[in-house]
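Structural features, examined
The residues making up each chain are set out below.
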Amino acid sequence: MFALTRLARCSAIRRRSLAEISTYLQPQRCRCQASSTKARLNELDGPRLGQPTSVSHPHLIQPHELVPGLTLDEFQQRRNKLMHKIQSYASTFGDNYNGRSTKNHMVIVGAASKKYMSGKIPFVFRQNSDFYYLTGCLEPDSVLVMTIDQGAKVESMLFMRPKDAHAELWDGPRTGPELSVPLFGVTEAHDLGQFETILGKLVSGLQPHFWFDMKSCDLQHVREGVIKTSSTENIQLLPVHTFLEGLRLLKSPAEMELMRRTCSIAAQSINEVMAETRPGQSEHHLFASVDYKCRQRNASYLAYPPVVAAGRNATIIHYVDNSQLLRPQDLVLMDAGCEYAGYTSDITRTWPASGSFTAPQRTLYDMVSVLQSDIIQLIGRMGGETLDQLFQSTCYRLGKYLQEIGLVPKESDDYKTLVSQGYRFCPHHVSHYLGMDVHDTPNVPRSRALEPGMVFTVEPGIYISQECTDVPPEFRGIGIRIEDDLLINKDSAVEVLTAECIKDRRSLEQLCQQAEAATDSA
């Protein structure tokens with residue numbers, strides 16, 4: 001509502017200009033006519049804007065929020081923090097960084113573009129995570145340009161699609177540059193068609209260090225405009241993803257709450273799916289069920305194509321066919337999460353289709369459960385100070401536990417052999433960062449020390465294929481994984497964000513059996 005109130009109170013948005021380029025460019029700042037508060041709020045109501053607001057969607061967005069869970073001020077702070085971080089980094093190299101002596105910097109981040117599955121049939125639109133992180137804007141084909149000058153003054157401008165009655169008749173409303181300044185809290189906004197012209201004048205005036213990630217930009221005309229401008233001005237393009245991911249890695253208090261919410265939605269939904277599972281159902285039915293249940297709890301959609309693997313399909317780590325029927329003796333492995341307000345969850349649970357584990361299934365499930373508990377207890381301690389250390393510890397302990405149940409020879413007791421045996425049966429990393437993307441901040445090394453604000457998974461598993469002839473037959477064709485999402489909160493305590501998703505073996509059996517008994521009784 002802060003953004004809406006600003007618009008309601010303003011009679012005009014004055015022209016402003018970047019001090020250092022006033023002689024090169026006098027951008028037209030967006031103006032709005034004076035009117036009553038009620039009239040301005042009506043102007044901002046649903047049909048006029050390209051995304052929900054607290055006025056059009058009060059059931060989703062609180063009056064003080066720009067988008068669910070996040071205020072306009074948080075987005076402005078993110079932009080300021082990014083630009084100051086870049087300028088501070090460059091200053092450590094002295095007066096001359098990357099062959100240039102300027103302290104001016106410019107960052108360009110593009111929105112996602114609409115993508116099509118065939119002809120005119122679009123995929124569901126999902127905003128570029130970096131663009132959304134910095135703006136809160138949900139519209140496609142937009143561009144954010146940020147600058148910081150030698151006086152450490154940060155300014156930002158959005159390039160937006162113009163209002164177009166015909167296009168909006170087909171594809172829905174656009175915010176347009178006219179209302180983008182008060183809604184998104186940027187310094188100025190322009191028609192997208194002016195991007196190349198304004199960019200050229202801006203760069204010519206500032207002569208900044210130029211930060212832009214070419215590979216992550218969907219918008220061809222933006223890439224072409226940036227290349228042309230950097231070539232004309234003889235300025236090298238620098239990658240900005242390291243700084244952006246460094247910010248996204250450490251969650252703010254508001255982001256922590258959003259992570260708790262998205263994890264809770266997925267956890268509750270998976271609990272219900274487990275309780276309703278019966279032999280004879282299809283993996284596809286369980287896929288549809290978890291999708292439905294997450295959306296019923298206000299998730300936007302599933303965060304990724306889920307794995308719903310029955311029986312031996314669970315030994316295929318990224319099995320996504322999800323088309324086989326469940327047999328009475330099958331275990332079901334579901335790896336699913338949802339996206340809520342731009343933040344994702346990622347959970348894996350394994351449970352018996354019939355409601356009861358067989359003896360071999362019980363042995364392996366208890367082993368993986370103990371292993372996961374051990375690894376969570378290691379976090380922040382020796383052997384668990386980084387995600388890579390957690391992985392190394394997981395492989396070693398899995399090798400030891402496999403040795404204890406007789407699946408690894410007793411004579412294989414040296415460290416490297418046990419790690420190798422653990423990796424053989426669990427050939428994937430045990431952790432990845434989590435946030436706006438499922439595999440979040442992929443350029444942040446997993447060797448980085450864990451610290452407050454980080455969210456990550458812990459997901460040990462065991463996969464014994466049918467062709468694994470050196471393992472007793474009763475264990476072949478079994479795949480088990482248990483995955484939870486964890487946060488190191490502001491007090492440095494480890495929170496299991498997905499703790500309400502049932503994983504204790506006895507509780508799982510009780511959940512499935514009670515639900516089945518209730519169904520039979522009904």
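Residues numbered from 1 in each chain as written. Predicted model: local features only at pLDDT ≥ 70, side-chain atom pairs only at ≥ 80, totals over all residues. Heavy atoms only, no water.

1. Quick notes on the sheet that holds strand S15 (residues 455-458)
As a reminder of what qualifies: Being paired, for any two strands, means DSSP has found at least two bridges between them. Here a helix means four or more residues in a row that DSSP labels H or I, a strand means two or more in a row labelled E, and each is numbered from the N terminus. As a rule, the C-alpha atoms of each element are fitted with a line to give its axis, helices using only the stretch in contact, and angles between N-to-C directions run from 0 to 180 degrees.
Read across the open sheet, the 3 strands follow the order S15-S18-S19; overall the sheet is antiparallel. Looking at strand neighbours, the two that pair on one side only are S15 and strand S19 (494-496), the edges of this open sheet. On average, each strand axis in the sheet is inclined to that of its neighbour by 35°, with strand direction left out of account. As paired strands, S15 and strand S18 (residues 484-488) are joined by 4 bridges and run antiparallel to one another. The residue bridging valine 455 from the neighbouring strand is leucine 487, located in S18.

2. Some thoughts on a nonpolar patch on the surface
Stated formally: Each patch groups residues whose relative accessible area exceeds 30% and which form no salt bridge, using 9 Å between like charges and 5 Å between nonpolar side chains of Val, Leu, Ile, Met, Phe, Trp and Tyr. Computed by Shrake-Rupley with a 1.4 Å probe, the accessible areas treat only the displayed protein chains as cover when residues are assessed. Salt bridge, as applied in this entry: a Lys or Arg side-chain nitrogen positioned within 4 Å of an Asp or Glu carboxyl oxygen.
On the surface, a nonpolar cluster with roughly 310 Å² of combined accessible area is contributed by Met117, Ile121 and Phe123. Looking at the element boundaries, methionine 117 is found in strand S2 (residues 116-118).

3. Section: the pairing of strand S10 (residues 307-310)
The following threshold applies: Partly exposed residues are those whose accessible area sits between 20% and 50% of the maximum for their type, while under 20% is buried and over 50% is exposed, using a 1.4 Å probe and protein chains only.
Side-chain alternation along S10 places Val307 and Ala309 on one buried face and Val308 and Ala310 on a second face that is also buried. Here S10 runs beside strand S11 (residues 331-336); their pairing, made up of 4 bridges, is antiparallel. Looking at the pairing, valine 308 lines up with methionine 334 of S11.

4. Digging into the packing of helix H10 (residues 253-276) against helix H11 (residues 283-296)
Counted only if it meets this: By definition in this entry, angles of less than 35 degrees are roughly parallel, angles greater than 145 are roughly antiparallel, angles of 65 to 115 are roughly perpendicular, and the rest are oblique. Note on convention: the crossing is left-handed when the near helix lies turned anticlockwise from the far helix by less than a right angle, right-handed when the turn is clockwise. For this analysis, residues touch if any pair of their heavy atoms sits within 4.5 Å. Residues are grouped as follows: Ala, Val, Leu, Ile, Met, Phe, Trp, Tyr, Cys and Pro are nonpolar; Asp, Glu, Lys and Arg are charged; every other residue, Gly included, is polar.
Look at H10 against H11: their axes get within 9 Å of each other, and the N-to-C directions meet at 140°. The angle between the axes of H10 and H11 places the two elements in the oblique class. Viewed along their axes, H10 and H11 form a crossing whose handedness is right-handed. Across the interface between the two elements, Ile265, Ala266, Ser269, Ile270, Glu272, Val273 and Glu276 from H10 touch Leu286, Ser289, Val290, Lys293 and Cys294 from H11. Residues of the contact of H10 with H11, tallied by class, amount to 7 nonpolar, 2 polar and 3 charged.

5. Observations concerning empty space enclosed by the protein
Rule in force here: Definitions used throughout: a 1 Å grid over protein atoms alone; a cavity as a set of points that fits a 1.4 Å probe which cannot get out; a pocket as an open set with protein on both sides within 12 Å along at least five of seven lines; a lining residue as one with an atom within 4 Å of a point. Grid points are joined across faces, edges and corners, and a volume is the space filled by probe spheres set on the points.
This structure, assessed with the given rule, holds 3 cavities of 30 Å³ or more. In this structure, the largest cavity spans a volume of roughly 90 Å³. Contributing to the lining of the largest cavity are Ile108, Val109, Gly110, Asn128, Asp130, Phe212, Asp213, Ser216, Cys217, Val240 and Leu244. For the lining of the largest cavity, the per-class residue count stands at 6 nonpolar, 3 polar and 2 charged.

6. Section: unusual backbone geometry
In terms of backbone geometry, most residues other than glycine have negative phi values and most peptide bonds are trans. Positive phi, close to 55°, is recorded for aspartate 141, a residue that is not glycine. Take aspartate 141: it is sitting in the loop between helix H4 (129-135) and strand S4 (143-148). Within the chain, glutamine 207 stands out as a residue other than glycine whose phi angle is a positive 50°. Here glutamine 207 is to be found in the loop between helix H7 (195-206) and strand S7 (209-212). When its relative accessible area of 27% is taken as the criterion, glutamine 207 is described as partly exposed.

7. Overview of the state of the cysteines
What is meant by a disulfide is a covalent connection between two cysteines, made through their sulfur atoms. Short version of the rule: Counting rule for disulfides: a pair of cysteine sulfur atoms within 2.5 Å.
Within the structure shown, the criterion is met by 0 disulfides. Looking at cysteine 395, it has no disulfide partner, and the nearest cysteine sulfur is the one in cysteine 426, 6.5 Å off. On the accessibility criterion, cysteine 395 (3% relative accessible area) is buried.

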